[in-house]
Structures are given as C-alpha cells and as structure tokens.
Amino acid sequence: MNSRVNSQRNIIDYAISSLLRRKIKNLSLLALYMLVVFVVASLIFFVQALKREARLILGDAPDIVVQRTIAGRHDLIPADYSRQIAAIRGVSNAAPRWWGYYYDPNFDANYTFMVPPADPPKKGTIWIGAGIARLLRGAQKGYLVPLRNAARKTMLLEVVKVFPADSELVASDLIMVSPDDFQTMFNLPKGFATDVAVTVANPQEIVTVAGKITEQLPGTRPILKSEMLRTYDSLFDWRGGMQVVILSAALLSFIIFAWDKATGLSADERREIGILKSIGWETTDVLLLKFWEGIAISMTAFTWGVILAYGHVFFFSAPLFEHAIKGWSVLYPRFRLVPTIDPYQLAVLFFLTVLPYTAATIIPAWLAATVDPDSAMRS
Amino acid sequence: MIELTHVSKCFTMGKSNQFKAVDDVSLTLRRGKVTILKGPSGSGKTTLLTLIGCMARPTSGRIRLYGIPAPGFIELPPTDGFDISSLPERFLTHIRRTTFGFIFQQFNLIRGISVLENIMLPAYPTGESHAVFHKRALELLNLFGITRLAASQVELLSGGESQRTAIARALINNPDVIIADEPTAHLDSTLSREFMDIIGGFKAHGKTVLIASHDPIVYESALADMVVDMRDGRITGTGRVS
C-alpha cells in the first residue's frame, strides 16, 4: 500500500516538474482555459442569481393580474371591474393598479410610474428609485423634478422619499405618484386603471377563478403568477442562451487550441516517453504521468476560473455582463447579487471542461506509450 | 547467468521488407563478467541487447535468466532460471526495472530537468520512498564526481558529464546487469578510457556487464572476459573466454 502511495507521489512530483519545464506552453494554455471557465461560470452564477431575485420578487406578486384587451392589444380596464372580480367566490382581494412608462428626453431614460396600492404619496409629491436619484445628480428629499405631462405642460413634483439601495433591483427606475398626479401625467380617462391585481385565498382555485373572470368579464385576460414566473425564467434563459451562443465561439476555439496542444505530442515528448519506457516505466506509469499533468492544468484552471467568476459576479456585480443582460434601460440598477450556486450546473461545467481536456491529454500519450521500449535504443 | 538458445528476431514479419536482425543466436553470459558484442553497424548487436534487456521479445528461441530473483508472479526457487522470452510487457518492465541498468549510445537524458532528477527517474515508479532513492542518487553523484552538477540542466553538460549522468541513472535501482550500447561512440579516447575504468569498478563489485561496441578501446580492453563477434545478425566468433 505504502509502495503504491510512494509511486503515485513520485509520479505526481515528476508531473509537476514536467509541467514547469514547458512553462510558456502550459501557462498560455492555463490562462486561456481559465478565461473560458471564468466566463462560463460567471454566466452561470449571474443567471442563477437573477432567477433567484426574480422568484423572490414575484413571490409578493398578485396571484392573478387581470388585463383588458381590445383587438389583442392591452387596453385600460374599467376600475369597477375590481368590484365584480372581488365578488367571485374564492377571491380574497381585487384592486385596480395604475402604472405606466415615461420617457425623459433630457436624460434619454425611461421611468416606471406607479400608484402604490396603499398609502400613496400626497398630490404633488413623489417617491423615486435610487437609479433616478443618481440620474438627477443625487436628488434627495425636497428636490423638485420637472416632468412633462401628456398635455405637454411641465409638472413640478417634489421628492419626499428615495427608495433604499437594497431595493434597487426592483425600484431603480421607479417613480411612485398619487392617483391624481398619475391621471394628470398620462391624461388617463377617469374610472379606468392599467390592470387589476387579484389575490385568491386558496392557491388550488387560482385556475378556476381565472376561468370565472374570463367568463364573467369578456375581453379580459387573466395572467397567473405561475405564468409570470415561467416567463421570467425563459427570459433569463433566453438571455443566458444568447450569451452561451456567443461564448460557444470562444469555447470552440479553446477546444481546438487545447486539442492541438494536448494531442499533438511533440517529438521531444515522444522521445521522452520512449526513454521513460526504456528505463523501466510501464505504460500505465506513463499514462498516470500524463493524467496528473492534465489534472493539474485543468483543475487549476477550473478552480481559479470559478473563484474569479464568483468574485466577478457576487463582489463586483458582473461588470462584464451588465450591459448585455441586465436590461434595456439606461438606468442600470446598482445592486449586489446574493450568492447562489447551482451544484448541478457547476458539475456540468466541470465535466465539460476538465474531463475532455484530461482525455485529450491521455489518448495521445497512450498511443505513444504503447510503442516498444527499444525505440529509445534506436533514437 | 543469462542463457540464450537459438534466439532470432524478425522485424516486419510476413511483409516484403521482412528483416532478420538476430539470427539463431545461442550464447551464455556469465554472472559478474564483462561481455563485449563486437561488430559493424547493422550486425544485430543493439537488437540483441534489447532482447536480453527485456525491451523486446524474440521472434523465436529462449532467453533464460539464472541467479536473479524471479518476480513475485513466477513461483520458482531463486536458483532455477526463468524464461523471459514470452512474458507480458508488464512483467518484462518489472524485470527491466529491477535487474537491468541501461546506458544508451545517445545517453538519452531528459532535457529540461536537472542531473539529479534524471538520475532518479528510473526509481520513480518503483514505489520506493523518495527520500531513500534521493540519498542514493546523491551518493552516485559523489561516486562519479559530479555532485556540483546536481542542479544543472542536462543540456548544459559536456559529453563526459552526460556519460557519467547516464551511468549514474543506470545504477539508481542497483541492477545486477549493466547493458551499454556503443557507450564510447560520442567520447574521445581519454573519456572512453575513463568509461572503461568505471566498468572495471562494476566488475569489481560483481555486476554483470554487457557492452555492444565497435570501439577498439572497449573490445581490446583487458576487462573484457568474452568478446562476441557478430555480423548479419549471427555470431561469427567468440574470443577471450576466461
């Protein structure tokens, strides 16, 4: 047993010394390998963390959002629909919601306007998200924000509250207003709302309640929370997918590079294998040597790639990706993602990077190691 | 003792370019003696060395080793010889590693690593503790007067220093038999004589030495107990059997 351990340790020693001999080749391979692991792991961490945030945010979302559609397009819904919906058995609450988007040409930015469901700000006052506060050069309580309403008249709204930074993921571009100001801002017809938020007491009855709503109120479209979750999931998957498509080019070039480096045993390496065999190394010893060399490179690259990706995403909020997958607005939310690691995805990354490289190292070595040891005598 | 009986080695068997490198060789190498295989290039000396040194198997004939502890998988009393002609590669490697030390014509040192590491290489897969064979390697460095070169890269060595490193490597596993293929081919006369002095030391320590050479300094040396003349794969004469 001791002898086996000694033999392994000696071969590992030699593998490391062997790697150090070809410093430039191995360091360039390691750097490229690490870069690919870093980018793919960053993407995995980022998408996983965003999905988690989305699930948390939607946890507080209403069970059903009822919209009205005309000719297949979203239209304003009569606010008194909420009373009719509330009367349906199983519905515990139904309330109209007012929200919309405002384009600010001064900053080339879009804001999300919303009337809070309870205790809205007083007329003439607003609550703003941290992204907007930054855009307005550090706007704080008491700051007057000039906004142009639907009648092209300027409204001066006073900031009375700035949302804290920890809500930035959802509230970065948000402006909360009073119902009156919302109506004036967008010239909304009286008695109409954007949609109706419905809460159902028993989650088992959500689909039944949705059916009853469409039956009683033709022209409405109930959207279930489960559908929203699914949409968010596919949205992030799609965006993640886009990145993967782009990165697949990098991955492919890495595979070609690694294959070339790992499989193309140089004349020197072949000669070395011949010498080792002639001085008493078995084919399995040579394979072990190449295995440990492959493992040392791939495990180092994998470990460092994953560690750097973790720091990039969870400590620096993924600066390399934010423009690509954080959103389309100019108001990029500043937030720190909560570390979320999916062991399954990491395992997939491990098997897609470490195993192919190790195999690519061993196969040519095996081909070279099966030559007769007397080849060294004739070199 | 190593006994060869009607040993032949054919390359590219069954093809139009079939070539018989060793042809019906029968020979006995005595323990503790120096045997020289002498002959021109292409006479089959190197092939015969590879067959005796378990690097290749003969196409026909038998090679038996006597007085050498048989590997654990062959249950024989140590006095009885055992046939190595048809052993699987794994077993041949084991015998090669424990019984034979090789000195190659080109020295076959591995570039990029130190003299000390080169010397220790044959011991790595044996399962012996690193500390033990490291100490032995230092002793060998000292024995051959190259201690100061321990950390040097082998590509920076002179011919004589490379030769000594190769000899030290051949001895690291303390083999019973030393096999050298044209060891003086790249050495001048002084270094060749120094090499023969080292061979004299092996002989004094009871090692069996087998050298293939067409250098008169080697085959005319007083150390040679037997000189075997070879040509076209066959033994054409044997001399000086003491």
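**Remarks on the overall build of chain B**
Stage number 1. Across its full length, chain B holds seven helices and ten strands.
Stage number 2. Taken over the C-alpha trace, chain B has a radius of gyration of 18 Å; the compact-globule value for 242 residues is 18 Å, and the two agree within 12%.
Stage number 3. Along the first, second and third principal axes, the C-alpha set of chain B runs to 50 × 45 × 40 Å.
Stage number 4. Across the 242 residues that make up chain B, the buried fraction comes to 48%.
Stage number 5. Looking at chain B alone, contacts between residues at least 24 apart form 68% of all its contacts between residues at least 6 apart.

**Quick look at the overall build of chain A**
Stage number 1. The secondary structure content of chain A amounts to twelve helices and twelve strands.
Stage number 2. With 379 residues in all, chain A has 32% of them scored as buried.

**Observations concerning the nonpolar core**
Stage number 1. Ranked by size, the top nonpolar core spans 87 residues in total, and within it B:Ile36, B:Ile119, B:Met120, B:Ile172 and B:Ile179 carry the most contacts.
Stage number 2. The dominant element in this core, judged by the number of residues it contributes, is helix α5 (residues 159-171) of chain B, at five residues.
Stage number 3. Once you skip the residues sitting within four places of it in the chain, B:Ile179 turns out to touch B:Leu49, B:Ile52, B:Gly53, B:Phe100, B:Phe102 and B:Leu210.
Stage number 4. One finds A:Ile64, A:Ile85, A:Ala130 and A:Ala171 within the second-largest nonpolar core, a separate group that totals 34 residues.

**Describing the sheet that holds strand β5 (residues 82-83) of chain B**
All names here are of chain B.
Stage number 1. The four strands lie next to each other as β2-β1-β4-β5, forming an open sheet whose pairing is antiparallel. The open sheet is flanked by β2 (19-29) and β5, the only strands paired with a single partner.
Stage number 2. Here two bridges tie strand β4 (residues 60-65) to β5, and the two strands are oriented antiparallel to one another. Within the sheet, the bridge partner assigned to Arg64 lies in β5 and is Asp83.
Stage number 3. Strand contacts of helix α1 (residues 45-52): β1 (2-11), β2 and β4, with the helix running at about 60° to β2, the strand carrying the most contacts.

**A few points about the environment of A:Ser298**
Residue and element names in this part refer to chain A.
Stage number 1. With respect to the secondary-structure elements, Ser298 resides in helix α10 (residues 283-315).
Stage number 2. A count of 25 C-beta atoms within 10 Å places Ser298 in the buried class.
Stage number 3. Each C-alpha atom of the pair Ser298 and Val198 lies 53 Å from the other, and the pair is 100 residues apart in sequence.
Stage number 4. If sequence neighbours within four positions are ignored, Ser298 has contacts with Tyr33, Thr353, Val354, Tyr357 and Thr358.

**Here we look at unusual backbone geometry**
All names here are of chain B.
Stage number 1. For His6, which is not glycine, the phi torsion reads 50° and is therefore positive.
Stage number 2. Taking the number of C-beta atoms within 10 Å as the measure of exposure, His6 has 12 and is therefore exposed.
Stage number 3. The backbone of Glu182 shows a phi angle near 45°, a positive value even though the residue is not glycine.
Stage number 4. In this structure, Glu182 sits in the loop between β7 (177-181) and α6 (189-204).

**Here we look at the sheet that holds strand β9 (residues 226-231) of chain B**
Residue and element names in this part refer to chain B.
Stage number 1. A sheet is described by the order of its strands in space; here six strands give the open sequence β6-β7-β8-β3-β9-β10, paired in mixed fashion. Only two strands of the sheet have a single neighbouring strand rather than two, namely β6 (100-103) and β10 (234-239). Taken pair by pair, the neighbouring strands of this sheet meet at an average axis angle of 20°, ignoring direction.
Stage number 2. Sheet analysis places β7 next to strand β8 (residues 208-213), joined by five bridges and oriented parallel. Paired with Val177 across the two strands is Thr208, which belongs to β8.

**Here we look at the packing of α5(B) against α6(B)**
Residue and element names in this part refer to chain B.
Stage number 1. In the contact formed by α5 and α6, the axes pass within 11 Å of each other and the chain directions differ by 20°. Between α5 and α6, the crossing angle belongs to the class labelled roughly parallel. In the packing of α5 onto α6, the handedness of the crossing is right-handed. Contacts between α5 and α6 involve Gly159, Gly160, Gln163 and Ile167 from the first element and Leu191, Phe195 and Ile198 from the second.
Stage number 2. Classifying every residue of the contact of α5 with α6 gives four nonpolar, three polar and no charged.

The rules behind the values
- Residues numbered from 1 in each chain as written.
- Chains lettered and ligands numbered in written order.
- Predicted model: local features only at pLDDT ≥ 70, side-chain atom pairs only at ≥ 80, totals over all residues.
- Helix = DSSP H or I, 4+ residues; strand = E, 2+ residues; numbered from the N terminus.
- Rg over C-alpha atoms; globule rule 2.2 N^0.38 Å.
- Buried ≥ 20, exposed ≤ 12 C-beta atoms within 10 Å, placed from the backbone.
- Contact = placed C-beta atoms within 7 Å.
- Core = buried A, V, L, I, M, F, W, Y, C linked by C-beta atoms within 7 Å.
- Pairing = 2+ DSSP bridges.
- Axes fitted to C-alpha atoms, helices over the stretch in contact; angles between N-to-C directions.
- Parallel < 35°, antiparallel > 145°, perpendicular 65-115°, else oblique.
- Left-handed = near helix turned anticlockwise from the far one by under 90°.
- Nonpolar A, V, L, I, M, F, W, Y, C, P; charged D, E, K, R; others polar.

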